[in-house]
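As a plain string of letters, each chain reads:
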Amino acid sequence: FAADLSYEKLPPDVIERMGSKTAAREAAIAAGVPVVPGTVQALRGDAPIAEVDAAASSLGFPLLIKAVSGGGGKGMRRVSVPADLPGALRAARSEALASFGDAAVYLERRLSAPRHVEVQLLGDARGTVVAFVERECSIQRRYQKMLEESPSPVVDRNRRRALADAATALARAVGYTNAGTIEFLLDDDGRFYFLEMNTRLQVEHPVTEEVSGIDLVR
């Protein structure tokens, strides 16, 4: 990694854009990165149930209700059948408002037993973005990661390259600098979908450092 790491501060508009789940999905789509099928626009906290029901019906079940400003599994509810939608929506909105001060949500198709894989990135102020070997983080409890390993046992050489290309393409498209992580979901067929971006150096970074020999903080 011989690029010029002039540590300019990450622009706040990039943090804000990628911190919004719906805005980040839009950025991924614009960059040609696949996303899990779902609603493109946020459903406001006061959006009537009829509007949410129509969006859910067009998307299909099972699905997930997710907080636009969410993280850590907060403001997220599973919905298996239409009858469960109103109660799950109320619960998700209430938790999202209490946790993030924003009751807006969006809908996303629920994948069956997906794998959770993330790609560590470093970017400089000249547009260079480098991806490191992926981290497997599918072992979770209540949407919190418990164990990470690298490389992922389900990612082969070709898929690793595809994940790295997608992650770096998205980071470059939004002008990302410094350290960050792009998270993906992998389905049973090996297809991957953008999940979210963490605009920081995560606590899991030592896993990447152990296998790469690179001090990411330094």
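Residues numbered from 1 in each chain as written. Predicted model: local features only at pLDDT ≥ 70, side-chain atom pairs only at ≥ 80, totals over all residues. Heavy atoms only, no water.

Quick look at the packing of aromatic side chains
(1) Moving on: Scanning the model with the defined rule gives one aromatic pair in all.
(2) Moving on: Where Phe-184 meets Phe-192, the ring centres are 5.4 Å apart and the plane angle is 85°; that geometry is what we call edge-to-face.
(3) Moving on: Judged by its relative accessible area of 14%, Phe-192 is buried. (Phe/Tyr/Trp six-rings, centres within 6.5 Å; stacked < 30°, edge-to-face > 60°. Buried < 20%, exposed > 50% of the residue type's maximum accessible area, 1.4 Å probe, protein only.)

Quick look at the pattern of salt bridges
(1) Moving on: Counted according to the given criterion, the structure contains 15 salt bridges.
(2) Moving on: Close ionic contact of Glu-108 with Lys-66 constitutes a salt bridge, the shortest N to O distance being 2.7 Å. Of the two residues, Glu-108 is situated in strand S3 (residues 105-109) and Lys-66 in strand S1 (residues 63-67); the sequence distance between them amounts to 42 residues. Each member of the pair, Glu-108 as well as Lys-66, carries the same accessibility label: buried.
(3) Moving on: Where salt bridges share partners, they join Glu-118, Arg-135, Lys-145, Glu-148, Glu-183 and Glu-204 into one cluster. (Salt bridge = Lys/Arg side-chain N within 4 Å of Asp/Glu carboxyl O. Helix = DSSP H or I, 4+ residues; strand = E, 2+ residues; numbered from the N terminus.)

Some points on a nonpolar patch on the surface
(1) Moving on: Nonpolar side chains collect at one region of the surface, where Ile-139, Met-146 and Leu-147 lie side by side and expose about 310 Å² of accessible area between them.
(2) Moving on: One can find Met-146 in strand S7 (residues 144-149).
(3) Moving on: For Met-146, a relative accessible area of 56% puts it in the exposed group. (Patch = residues over 30% accessible without salt bridge, like charges linked within 9 Å, V, L, I, M, F, W, Y side chains within 5 Å. Areas by Shrake-Rupley, 256 points an atom, 1.4 Å probe, with all protein chains shown as cover.)

Focus: the pairing of S1
(1) Moving on: Buried residues dominate S1, accounting for five of its five residues.
(2) Moving on: Neither face of S1 is exposed, since Leu-63, Ile-65 and Ala-67 on one face and Leu-64 and Lys-66 on the opposite face are all buried.
(3) Moving on: As defined by bridge partners, S1 adjoins strand S2 (residues 77-79) across three bridges and the pair is classed as antiparallel. Of the residues in S2, the one forming a bridge with Ile-65 is Arg-77.
(4) Moving on: Pairing of S1 with S3 involves five bridges; the strand directions are antiparallel. Across the sheet, Ala-67 pairs through a bridge with Val-105, a residue of S3. (Pairing = 2+ DSSP bridges.)

Let's talk about the sheet that holds S3
(1) Moving on: An order of S2-S1-S3 is seen for the three strands of this open sheet, with the pairing classed as antiparallel. Looking along the sheet, the strands with just one partner apiece sit at the ends: S2 and S3. For this sheet, the mean inter-axis angle between neighbouring strands, taken without regard to orientation, is 30°. (Axes fitted to C-alpha atoms, helices over the stretch in contact; angles between N-to-C directions.)

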